[in-house]
Structure formats: structure tokens, C-alpha cells
Amino acid sequence: MTARHAAHCVEEAEEVVKELRAALAKAGISLPSLGLDPVSLAREAPCPLVELGRCSVETARRIAAAVSR
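So, how was this worked out
- Residues numbered from 1 in each chain as written.
- Predicted model: local features only at pLDDT ≥ 70, side-chain atom pairs only at ≥ 80, totals over all residues.
- Heavy atoms only, no water.
- Helix = DSSP H or I, 4+ residues; strand = E, 2+ residues; numbered from the N terminus.
- Polar contact = N/O pair within 3.5 Å; in protein donor to acceptor, adjacent residues only side chain to side chain.
- Contact = heavy atoms within 4.5 Å.
- Patch = residues over 30% accessible without salt bridge, like charges linked within 9 Å, V, L, I, M, F, W, Y side chains within 5 Å.
- Areas by Shrake-Rupley, 256 points an atom, 1.4 Å probe, with all protein chains shown as cover.
- Salt bridge = Lys/Arg side-chain N within 4 Å of Asp/Glu carboxyl O.
- Buried < 20%, exposed > 50% of the residue type's maximum accessible area, 1.4 Å probe, protein only.

Got a sec to walk through the side chain of Ser40? Specific residues and values, please.
With respect to the helices, strands and loops of the structure, Ser40 is situated in helix α2 (residues 38-41). Looking at Ser40, its side chain comes within polar contact range of the main-chain nitrogen of Leu49, at 2.9 Å. Those residues within four positions of Ser40 in sequence are excluded, and the remaining contacts are Pro46, Cys47, Pro48 and Leu49.

Tell me about a nonpolar patch on the surface, residues and numbers included.
Nonpolar side chains collect at one region of the surface, where Val16, Leu20, Val50 and Leu52 lie side by side and expose about 280 Å² of accessible area between them. Tracing the chain through its elements places Leu52 in the loop between β2 (50-51) and α3 (57-67). Assessed through its relative accessible area of 43%, Leu52 is described here as partly exposed.

Give a detailed account of the environment of Leu34, specifying residues and quantitative values.
Structurally, Leu34 can be placed in the loop between α1 (3-26) and β1 (35-36). You can call Leu34 buried: its relative accessible area is 6%. A sequence separation of 33 residues divides Leu34 from Val67, and the C-alpha atoms of the two residues are 17 Å apart. In this structure, Leu34 is in contact with Val17, Leu20, Arg21, Leu24, Val50, Glu51 and Leu52, ignoring residues within four places of it in sequence.

This is the structure we're talking about:
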């Protein structure tokens, strides 16, 4: 994987995190740990994973309700 491709992967992942954060906010949901997984960024040619993190039971219920619509 080239450095250029890796940079594109990171930029794309950062953008999707912003989109997901905004969509969750519209549904009244906040995931404080939402971000890029640091381990996946540490690779020589990063292809990051999105870290959703932990949430309360109430937040999990709200997410379940939002995605089951």
C-alpha cells in the first residue's frame, strides 16, 4: 500500500467518524469514545478501523431503536 493510499484511508475514516457523530447527534445519541482505533493507525500502512467505544445501557437502547426503524 502506498503512502498516498494510506493517507486517503485515514482521511476517509476521519470523515466517516464525523458523519457518524453527526447522525448520532441528530438521533440524540452521543458516543464519547467514537474515533479512530489507534492500533490500526500504528501500522506501517494504516487502514484505520472506527472505534465505537463503550456506552451506557440507555445509549445502547437508543442506538438499537434508531437502527431498527
